[in-house]
Amino acid sequence: VSRTEKQVFLPPPLEHGCANPEQEASSIANKDVHILAVDCGIKNNIIRYLVNILRVKLTLVPWDYDFSQEEFDGLFLSNGPGDPTHCATTIDHIRSVMARPSPPPIFGICLGNQLLALAAGAKTYKMRFGNRGMNQPCVDLRTTKCYITAQNHGFAVDSASLPVDWTPLMVNANDGSNEGIIHKTRPWFSVQFHPEACGGPTDTAFLFHNFVRSIVEPMGTGVTTIPYSLPVHQRKVLVLGSGGLTIGQAGEFDYSGSQAIKALRESGVQSILVNPNIATVQTSAGYADRVYFLPVTPEFVTQVIKRERPDGILCTFGGQTALMCGVKLDEQGVLEKYNVRVMGTPIQAIMTTEDRELFAKAVEFCGYKVAESACCTNIEDAVRLAKEIGYPVLVRAAFALGGLGSGFAHDDDQLRELAAQALVNSPQIIIDKSLKGWKELEYEVVRDANDNCITVCNMENFDPVGTHTGDSIVIAPSQTLTNDEYFRLRECALKMIRHLGVVGECNIQYAVDPLSKEFRIIEVNARLSRSSALASKATGYPLAYVAAKLALGSDLVSLRNSVTRVTTACFEPALDYVVAKVPRWDLRKFATVDQTIGSCMKSVGEVMAIGRTFEEVIQKALRMVDESCVGFEAERFDDELLHRHEDANSLEPIKAELANPSPTRIWAIAKGFRLGMSVEDVHELTAIDRWFLSKLYHIHLVNQSLRTMTLPELTRCEVLLREAKRTGFADRQIAKQLRAVEIAPQSTAAGASSEEEYMGGPVKEKDIRRLRKKIGLRPFVKQIDTLAAEFPAETNYLYLTYSGIEDDVLLAGNG
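Residues numbered from 1 in each chain as written. Predicted model: local features only at pLDDT ≥ 70, side-chain atom pairs only at ≥ 80, totals over all residues. Heavy atoms only, no water.

Attention now goes to the overall build of the protein chain. Along the protein chain, the regular secondary structure elements total 26 helices and 28 strands. Here the protein chain holds 815 residues, and the buried ones make up 59% of them. A separation of at least 24 residues holds for 69% of the contacts in the protein chain among residues at least 6 apart in sequence. Of the roughly 34300 Å² of accessible surface on the protein chain, 52% is carried by carbon and sulfur atoms. (Helix = DSSP H or I, 4+ residues; strand = E, 2+ residues; numbered from the N terminus. Buried < 20%, exposed > 50% of the residue type's maximum accessible area, 1.4 Å probe, protein only. Contact = heavy atoms within 4.5 Å. Areas by Shrake-Rupley, 256 points an atom, 1.4 Å probe, with all protein chains shown as cover.)

For the structure shown, the criterion picks out 4 cavities of 30 Å³ or more. By volume, the second largest cavity amounts to about 70 Å³. For the lining of the second largest cavity, the secondary-structure elements that each account for two or more residues are helix H20 (665–674) and helix H22 (690–707). Residues belonging to the lining of the second largest cavity are distributed by class as follows: 4 nonpolar, 2 polar and 2 charged. (1 Å grid on protein atoms, 1.4 Å probe; cavity = no way out; pocket = protein on both sides within 12 Å on 5 of 7 lines; lining within 4 Å. Points joined across faces, edges and corners; volume = space filled by probe spheres on them. Nonpolar A, V, L, I, M, F, W, Y, C, P; charged D, E, K, R; others polar.)

The next subject is the sheet that holds strand S17 (residues 393–397). What holds strands together in a sheet is hydrogen bonding between their backbones, with the strands either parallel or antiparallel. Reading across the sheet, the 4 strands line up as S16-S19-S17-S18 and stay open at both edges, with antiparallel pairing between neighbours. Edge positions in the sheet fall to strand S16 (373–376) and strand S18 (407–409), since each has one partner strand and no second. Recorded for the sheet is a direction-independent mean angle of 25° between the axes of neighbouring strands. As paired elements, S17 and strand S19 (residues 429–433) share 5 bridges and run antiparallel to each other. The partner of Ala-397 across the bridge, within S19, is Ile-429. (Pairing = 2+ DSSP bridges. Axes fitted to C-alpha atoms, helices over the stretch in contact; angles between N-to-C directions.)

Take Tyr-758: it is sitting in the loop between helix H25 (731–737) and helix H26 (765–775). On the accessibility criterion, Tyr-758 (10% relative accessible area) is buried. Separated by 17 residues in the primary sequence, Tyr-758 and Val-741 place their C-alpha atoms 9.8 Å from one another. Within the structure, Tyr-758 has its side chain in polar contact with the backbone oxygen of Gly-761 (distance 2.4 Å). (Polar contact = N/O pair within 3.5 Å; in protein donor to acceptor, adjacent residues only side chain to side chain.)

On to the packing of aromatic side chains. For the structure shown, the criterion picks out 21 aromatic pairs. Taken together, a centroid distance of 5.8 Å and an interplanar angle of 90° make the contact between Tyr-443 and Tyr-510 edge-to-face. Linking Tyr-443 in strand S20 (residues 439–447) with Tyr-510 in strand S23 (residues 504–512), this pair joins segments that are 67 residues apart in sequence. Each member of the pair, Tyr-443 together with Tyr-510, is buried. Ring geometry for Tyr-486 and Phe-487: centres 4.9 Å apart, planes at 90°, overall edge-to-face. (Phe/Tyr/Trp six-rings, centres within 6.5 Å; stacked < 30°, edge-to-face > 60°.)

Running from N to C, helix H11 (residues 356–365) and helix H14 (residues 483–500) point in directions that differ by 125°, and their axes come no closer than 10 Å. By the angle class used here, H11 and H14 are oblique. In terms of crossing hand, the pair formed by H11 and H14 is right-handed. Contacts between H11 and H14 involve Phe-359, Ala-362, Val-363 and Phe-365 from the former and Met-496, His-499 and Leu-500 from the latter. Classifying every residue of the contact of H11 with H14 gives 6 nonpolar, 1 polar and no charged. (Parallel < 35°, antiparallel > 145°, perpendicular 65-115°, else oblique. Left-handed = near helix turned anticlockwise from the far one by under 90°.)

Our next topic: the side chain of Asp-807. Mapped onto the elements, Asp-807 comes out in the segment after strand S28 (798–801). Overall, Asp-807 belongs to the buried group, its relative accessible area being 17%. Side chain to side chain, Asp-807 and Arg-778 meet in a polar contact 2.9 Å long. Within the local environment of Asp-807, its side chain forms a polar contact with the backbone nitrogen of Val-781, the two atoms lying 2.7 Å apart.

Now for helix H10 (residues 347–354). Among the 8 residues that make up H10, 6 are buried, leaving the element largely enclosed by the rest of the structure. For H10, the set of buried residues is Ile-347, Ala-349, Ile-350, Thr-352, Thr-353 and Glu-354. Against helix H8 (319–331), strand S15 (341–342), H11, H14 and strand S24 (519–525) lie the buried residues of H10.

So, about the sheet that holds S20. A sheet is described by the order of its strands in space; here 7 strands give the open sequence S24-S23-S20-S21-S22-S25-S26, paired in antiparallel fashion. Only two strands of the sheet have a single partner each, and these edge strands are S24 and strand S26 (605–611). Direction aside, neighbouring strands of the sheet carry axes that sit 25° apart on average. For strand S22 (residues 474–476) and strand S25 (residues 578–584), the ladder comprises 3 bridges, and the chain directions are antiparallel. For Ile-475, the partnering residue across the bridge sits in S25 and is Ala-580. In the packing of helix H15 (residues 530–539) onto the sheet, the strands contacted are S20, strand S21 (453–461), S22, S23, S25 and S26, and the crossing angle to S21 comes to about 100°.

Moving residue by residue along a regular strand, the side chains alternate between the two faces of the sheet. Of the two faces of strand S10 (residues 188–191), the one carrying Trp-188 and Ser-190 and the one carrying Phe-189 and Val-191 are both buried. Taken together, the 4 bridges between strand S5 (residues 106–109) and S10 define a ladder with parallel strand orientation. When the sheet's bridge partners are listed, Gly-108 is paired in S10 with Ser-190. Looking at chain direction, strand S9 (residues 178–183) and S10 are connected through 3 bridges and run antiparallel. Residue pairing in the sheet places Ile-182 in a bridge with Phe-189 of S10. Linking S9 back to S10 in an antiparallel pair, the connection comprises 4 residues.

This model, assessed by the stated rule, comprises 44 salt bridges. The partner of Asp-689 in a salt bridge is Lys-439, and the shortest N-O contact between them spans 3.9 Å. Placement of the pair is Asp-689 in the loop between helix H21 (679–686) and H22 and Lys-439 in strand S20, with a sequence separation of 250 residues. For Asp-689, a relative accessible area of 18% translates into the label buried. (Salt bridge = Lys/Arg side-chain N within 4 Å of Asp/Glu carboxyl O.)

Structure, rendered in structure tokens:
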């Protein structure tokens, strides 16, 4: 709603004479600037940004106020709703200002973009659907750089109608609609999106600085150039596979390597694969052009390079083994000797992320923090550094796979033992300050050579810091972050990846203090990881395939989105569903192995479930990971206690399990709830976020309600049955909880045969299915859609859920 009277805002006094760092960086501090803003429905964050950050005097006037005779240094045209042609009065006033002998700079946002275009003589039109959401990709036509923006508009500027002295500034990478205009000689420009978006993304906030700088330094407008490099054509590319199957290095790298080979084949590039593992897709006949079943080591790969003479090498698609092999080949001069170009992320970026000291300096340069840490090469130095940092500490080997040889030390003796193990696997030991109890999150980031950078998926660990990501339940997207926290971490991710110079895909991991806004960067993996495979499956965004295309020289804007097949790959998926990854262990096969899980990865596989609620996906995943259980149930942990010869009715083994987790902790939580533990009790022992625990407790409450009922009683309580299905209960799980009755009720469905009726005794799965069909309770078929339904999804990536009202796809038999 527009103001009805003029209002003036002045910048607040600086505390202790110190300017805001963001404002200082804009190089316009301490300059007297007066901006007049036309309020067509201005967002409060625009006022805050101009007044508090850029520290200008701001005069706000109503939309129909005659400002043509006012004195000011710059004119700002705000956002607002509706058809811009209805603002004829405002358009006339803008034209009056543009006609001045020395007109001031003009900057418009959203509706302001359309008003400026109409004042210039262009036309606007009503869009079919409009662009709405927080993940709209916009390409700057001066640089071809793509930005992720927030939008909410139903009208657009007709670029073809712009006068000759105007040109499009931005264009939507999905539908090609106009996203901004700029005058060729005057300091007048506008954009259709919201660079000030308080909720984020904030990628284009620099436009405010550009506007004020055009006022303060009218002759200082810089020339923006488009990044350009001579095209490089690859004839033959060497792909380093993952090597033999080990914990932390298995099918996820077969997936990424296979996608890379697929991308090479589509681009007409011959692929040479080095991988000793015959039990993989990528080594199958007819996949790669040539396969060498050799160990992925510098010695063997050197011989392959000498024989094949490839033009380039891909070393980020085979996990840590391939990555370190590529680093060694570069250090030994093999790549330079045979003129082999490292494609994608440069070796220096890889070395920076793998060397803790270099990484800490890079993080500090970007203005962020890592956990307090130090590196050493012997046990005595490790003991000394641990005392300086303060126990407990995390001890781990540098350049190691899956946290191999790592663990938490609480005293010198534990440290010496862990340090000795770490030195077996690496020449360097890393001592990190323990952040146990903090939330652990990660973002999958993609960047191309043109510096277009996006976050494809963010994931949150169910377990707090202290459990290796590969051994933790992982939820995508994150469930416990506020919007501000999400975009703050996203902004950090983009800044870090751009500084490191990654080209392709990588992931950045964070530790977030749940009691404050503090966070630390744990690490950056400058390669495809197990999380990359999960993110690809969770979003439908083929990270490995796109990373290979980027390594070959493509850019994100020109690549197509595999979900819609028509929009750009330079977009950030918006998920209207939840994904859960649950690891799988086989520790019982190894009697001497420590059963507890921690910083060293021990899982040998994982499952993924998709649904609409956390409760639904966690139960789906638990049924898949362990066929002996039916979901989140206490009975599964009873079996574990029986195996351990412990009392199933005592809280002591439950508390011990929660404090020192093993692969069965998730069921120990269910058992704890059964024995009367509260969400707060479990949180105190596990540091698992209360949000996750409250959702699990809801499953427990539904389960308890079912345990009090018989099938005839459930038949009369349709609400409970529907809630159970929405919460992820399987038919056999519901049947297992219901109490048996000796004699069936007489009020059975009319026309039902005796064979179909429930005649008493234990309830079976078919009885629940029959009841569901009777009341019309069935799952809905939903389609993976990562663009919030703004563009039709073409994928056959489907899932079933009871949290829906209609099918996205009509299949035979479902309507």
